[in-house]
Amino acid sequence: MTLRNRLLALSLLTLLLPWFGWKLLQELEGFLRESQEIALLSTARTLAGALPFESQSQLLYAPGRYVVLRGLERTPVLDGFDDDWPYAQQGLTASSADGLLHVRFLAGTADGGLFVLFEVTHAATTPQHPVKTPDERIELLLRSPRGLWRFDIRSEAPGPLQLFSDGGGGQAEGYWRDTAEGYRLELALPAVAGNADTGFIITSGPSQIASGSISGVDPRGRVEAQQWITLIPQRTELSAMLAGAVPEASRAWLVNQDGWVLADSGLVAERGAQQTTWLQRLLYRLVAGSRTALEPAVTNHQPRLQSATVSEALAGRESRHWSQDPETATVHNLVAVPVQLEGKTRGAIVLQSSSEGLLLATNRAFGRLLITTLALTFGLAGGMWYFATRLSRRVRRLSGAVSQAMQGGVAVGVLPLTSDRDELGELARNNAKLLRAVADYNLYLQTLAGKLSHELKTPLAITRSSLDNLSSRPLDPEAQRFLQRAQEGVERQAAIVRAMSEANRLEASIRVAEWEQADLVELVTKCAGGYRAAYPGRRIQADVSLTTINLRCAPELLVQALDKLVDNAITLSSESDEVHLAVRRTDGQVHLSVRNSGTRLPAEFQERIFDSLVSLRDKRGATPHLGLGLYIVRLVAVAHGGSVEARNLPQDQGVEFIIHLPA
Amino acid sequence: MQRHIAIVEDEATIRHNYEDALRRYGYHVSGYSGRSDALAAFTRRLPELVIIDVGLGDEPEGGFELCRELRGLSRSLPIIFLTARDSDLDVISGLRLGADDYLTKDISLQHLIARVVALFRRVEALSSRGADDQLLQRGPLKFSVERMEVSWNEQPVDLTVTEFWIIHSLIRHPGHVRTRPQLMDDARVVVDDQTITSHVKRIRRKFLAVDPGFDQLDTVYGAGYRWKPLASTAEVTDTA
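Residues numbered from 1 in each chain as written. Chains lettered and ligands numbered in written order. Predicted model: local features only at pLDDT ≥ 70, side-chain atom pairs only at ≥ 80, totals over all residues.

> Describe the overall build of chain B, and please don't skip the residues or the numbers.
Helix and strand counts for chain B come out as 8 helices and 12 strands. Sorting the 240 residues of chain B into buried and exposed places 45% on the buried side. For chain B, long-range pairs separated by at least 24 residues make up 56% of all intrachain contacts whose partners lie at least 6 apart in sequence. (Helix = DSSP H or I, 4+ residues; strand = E, 2+ residues; numbered from the N terminus. Buried ≥ 20, exposed ≤ 12 C-beta atoms within 10 Å, placed from the backbone. Contact = placed C-beta atoms within 7 Å.)

See below:
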């Protein structure tokens, strides 16, 4: 992992900041919701304990069968369709004993009138086999303070109907519409004042549905039905009371034991989702999550509440639920408190608050916090990354320069960052110091041989001149022998000293070398001729393909380098091996090479072979060999701005030394 | 008459050895260890030949300084530099100051004496002009072995003793390549190839100074040098 990636990872720790903020907000949100629920619950409890007497009795003396007259907002159009009835599917249902005939019965009040809807279906009906019989018939009874009315309705023809009750007194309008599976009858009756009951018998062929177990019709208007369906009106005065008691933006319902709405505080003001942006909704969902399942929100004119929360309350336990509309981010808080009358749960007060306002305030604060901290985090991370990138780039630059300086490519003085004031600058300065010390040391090592030879020359001269003086005296044969040996030793010593100072002298002669435009092809050809003369019996070839390669160089120095390489090749190979001199030109470079067969370079020598005092030859020859030859070759190449290379030829064909010169 | 040689050398052992050798050969030798006492003695009486070490005691260039001062006293006094130093730069500065020869300390005593004798011979030849002489002629080159004089197109070329012997070695067999070791032997110097190269270079420059068209001294790469015979002129005309 690079430095900057590490710092980047480190800076990601600041992501903890928004995370903590998120956690805090979740807690805050939970606390707020809690307190709201408690407020709602206490309101509901108060309402449950202070129900007006009529409501209490309505709950206490609940009839066995009843239909809550729903307050219809719009007067239904008498057309036999149920689409202008809200919650048309929630109604009283009954079936015939043989299970072939079903009815759904709806009743409601609107505009002072009473509306009922019968939806009759034949279970076995398929479009291919209609079971409809010609004598479809509904008998409807309605008992109210205004009297007892009986309507006998038959399907003579579908369409609008004008009905009169038996014996007059009641009249109604209706519409009969045949459907695919049966028919639908929609009726408008005069308003019933006060309590009313109803009963009906629906006949279709052999099947019959009776709302009571037995119902009979007395010709004189007396009707006996053992089980009437009570029509329970919604309590408008109670609704007003509820509306007054509930907090703002909340709604209250009084439901009976079956969950039918007896009173409703009113409409919930529809809040537009446009108040919240998608980002806020997203953020809110992040905070609140969907920790409870969304119960369908109670909508306007819902005739019956059947959610789990309400059922819980109707079972005698207070319950609460909160849910969040994923689309609008509106939070619905629903509490249900049972209404206990005479020791039994008779119904429930349900309160719902749609608490956008409060929680969205949190939401906005959270949004700001989150966005701010996120921006800070990414800004910080970006800053860190930039800083780390700069830092690592500087470190890389420094380390690159140092390693280049170690390879001798760059002068120590030009190390980057040395003028910087921070720790890296100090590191660079220390590196420069170190490199300078190393360079000094290297220089010392390189010049050591030369200096040493200079220092050795004087004592050598002393020994030699003394021996010379001695040799001019008459000596006995034995002394003569010793003298000769001593002189041989001194000769060898002198040769060593000369070899040691050779590199130094060469460096000096490089400084005064004559640079001229020379033809290297001619030079190599001439040299090869010279070497053939100098090493008779050896096969020395000049491989030149070009006719001329002109280069500005110091030919004397190049010849000297070639001398060393050829001398080396001759020494390393045997009498029968060939030595090849070659010169060739590639892009921007001229390559002078000396190749010989018969030897290999030891692998460990390839790097150091051109250093001073490293010798390849392991056998001690007659002349001392200190391995300065190849060092001199390198000096010559470097003086020309070039380099040297030694390599083994493939398939053990020998060794090749190459001087690369910039053209 | 005994010739008088002065040796200025700070290393007493070497000085004594050289003194002994030269005395044995029959010279009168005085040794000096420093520049000041040498100079004091020289102002009283000049020797006939001076051998000077370049580095004298605390003065690394004291020999050069002494040479300059000696040249002020006498234009013709033969001076030989003898030193442990051997860089081209030292050789050049030594010779530029008017030294007649430049020898390194690894020379053997026999060689040293040979150089001294050669130098004396030259001085003698200069003073006894007209004596019979072995004269070599190679085209425009006239070469007097006895007087150690060389001229090109009748113009004298001022050569040091080493240079003189190098030319002598080359022109004895014109057209033949003389290797550096051969030249070293002929010039009776024990130096390395590099020094021979710089000697040859200097000889060439001296000839070029009198004749910009000079092209007789040929480098044979990888082998050595040769004297290119002039095609138009008659070959070897030795006159005894």
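> Explain the interface of chain B and chain A to me, and be specific about the residues and the numbers.
Chain B puts 26 residues into the contact, and the matching count from chain A is 32 residues. Going through the elements one at a time, α1 (12-24), α4 (88-96), α5 (109-127) and α8 (193-210) of chain B are the ones with two or more residues in the side of chain B that touches chain A. No other element matches the 7 residues that α1 of chain B contributes to the side of chain B that touches chain A. Of the residues in the side of chain B that touches chain A, the class split is 9 nonpolar, 9 polar and 8 charged. (Nonpolar A, V, L, I, M, F, W, Y, C, P; charged D, E, K, R; others polar.)

> How would you summarise the confidence of the model for chain B if you had to cite specific residues and measurements?
Residues and elements named next belong to chain B. Chain-level statistics for chain B give a pLDDT mean of 80 and a share of 84% at 70 or above. By mean pLDDT, α4 is the weakest element of chain B at 63, and strand β1 (residues 4-8) is the strongest at 94. pLDDT under 50 marks residues 232-240. Its contacts with residues more than four places away, or in other chains, come to 7 contacts. This prediction of the complex comes with two scores: 0.48 for pTM and 0.72 for ipTM. (pLDDT = per-residue confidence, 0-100.)

> Would you mind going over the sheet that holds strand β5 (residues 101-104) of chain B in detail, with residue names and values included?
Residue and element names in this part refer to chain B. Pairing is parallel across the open sheet formed by 5 strands, whose spatial order is β2-β1-β3-β4-β5. Edge positions in the open sheet fall to β2 (28-32) and β5, since each of these has one partner strand only. The mean angle between the axes of side-by-side strands here comes to 20 degrees, regardless of whether they run parallel or antiparallel. One ladder, built from 4 bridges, connects strand β3 (residues 49-53) with strand β4 (residues 79-83); its direction is parallel. Bridging across to β4, Val50 finds its partner in Ile79. With respect to the sheet, α1 is in contact with β1 and β2, its orientation differing from that of β2 by roughly 170 degrees. Helix α3 (residues 62-73) contacts β1, β3 and β4 of the sheet and is inclined by roughly 155 degrees relative to β3. (Pairing = 2+ DSSP bridges. Axes fitted to C-alpha atoms, helices over the stretch in contact; angles between N-to-C directions.)

> I'd love a proper account of helix α2 (residues 35-44) of chain B, names of residues and values included.
Residues and elements named next belong to chain B. Those residues of α2 lying buried are Arg35, Ala38 and Phe42. Along the axis of α2, the buried positions cluster into a sector of 70 degrees, meaning they face one direction only. Within α2, the exposed residues directed more than 90 degrees away from the buried face are Ser36, Asp37, Ala40, Thr43 and Arg44. Buried positions along α2 lie against β1, β2 and α3. (Arc of directions from axis to C-beta.)

> Hey, could you go over unusual backbone geometry for me, with residue numbers and the actual values?
A positive phi is found at Glu342 of chain A, a non-glycine position, where the angle reads about 50 degrees. Positive phi outside glycine occurs at Glu154 of chain B, with the angle close to 70 degrees. Checked against the element boundaries, Glu154 of chain B lands in the loop between β8 (149-152) and β9 (155-157). For Glu154 of chain B, a count of 8 C-beta atoms within 10 Å gives the class exposed.

> Go over the sheet that holds β9 of chain B, please, and point to the residues and values.
All names here are of chain B. Here 4 strands make up an open sheet; going across it, the order is β6-β7-β8-β9 and the pairing antiparallel. Two strands lie at the open edges of the sheet, namely β6 (135-138) and β9, each paired on one side alone. Averaged over all adjacent pairs, the angle separating strand axes in this sheet is 25 degrees, with direction ignored. As paired elements, β8 and β9 share 3 bridges and run antiparallel to each other. The residue bridging Trp152 from the neighbouring strand is Gln155, located in β9. Along the sheet face, helix α6 (residues 161-172) touches β6, β7 (141-144) and β8 and points at about 115 degrees away from the line of β7.

> Now, about the pairing of strand β16 (residues 261-264) of chain A: what can you tell me, with residues and values included?
Residues and elements named next belong to chain A. Two elements, strand β15 (residues 250-256) and β16, share 3 bridges in a ladder whose sense is antiparallel. Its bridge partner lying in β16, Val255 is registered against Val261. In this antiparallel pair of consecutive strands, β15 and β16, the connection spans 4 residues, and Gly259 shows a positive phi of 90 degrees.

> Can you tell me about the nonpolar core, naming the residues and giving the values?
Ala107, Val116, Val255, Ala348, Ile349 and Val350 of chain A are the most contacted members of the largest nonpolar core, which has 68 residues in total. It is strand β4 (residues 113-122) of chain A that contributes the most residues to this core, 6 residues altogether. Excluding its chain neighbours within four sequence positions, the residues that come into contact with Val350 of chain A are Ala252, Trp253, Val255, Leu305, Val310, Leu334 and Ala336 of chain A. Counting 59 residues, the second-largest nonpolar core is a separate cluster that includes Ala461 of chain A together with Phe164, Ile167 and Ala187 of chain B. (Core = buried A, V, L, I, M, F, W, Y, C linked by C-beta atoms within 7 Å.)

> How would you sum up the packing of helix α8 (residues 423-471) of chain A against α1 of chain B? Please name residues and give values.
Closest axis-to-axis distance for the α8 of chain A/α1 of chain B pair is 9 Å, and the angle between their directions is 25 degrees. Regarding the angle of α8 of chain A to α1 of chain B, the classification is roughly parallel. Two packed elements cross with a definite hand, and for α8 of chain A against α1 of chain B that hand is left-handed. Side by side, α8 of chain A and α1 of chain B meet where Ala461, Ile462, Ser465, Ser466, Asp468 and Asn469 of chain A of the first sit next to Thr13, Ile14, Asn17, Tyr18, Asp20 and Ala21 of chain B of the second. Residues that form the contact of α8 of chain A with α1 of chain B fall into these classes: 5 nonpolar, 5 polar and 2 charged. (Parallel < 35°, antiparallel > 145°, perpendicular 65-115°, else oblique. Left-handed = near helix turned anticlockwise from the far one by under 90°.)

> So what about the environment of Val497 of chain A? Which residues, and what values?
Residue and element names in this part refer to chain A. With respect to the element layout, Val497 can be found in helix α9 (residues 477-511). The class of Val497 is buried, set by 22 C-beta atoms lying within 10 Å. Apart from residues lying up to four places away in sequence, Val497 is in contact with Ser453, Leu456, Lys457 and Leu460.

> An account of the packing of α6 of chain B against helix α7 (residues 180-187) of chain B is needed here, citing residue identities and associated values.
All names here are of chain B. Running from N to C, α6 and α7 cross one another at 120 degrees; their axes reach a closest spacing of 8 Å. Classed by the angle they form, the pair α6 and α7 counts as oblique. The crossing of α6 and α7 is right-handed. Between α6 and α7, the contacting residues are Thr162, Trp165, Ile166, His168 and Ser169 on the first element and Gln182, Leu183, Asp186 and Ala187 on the second.

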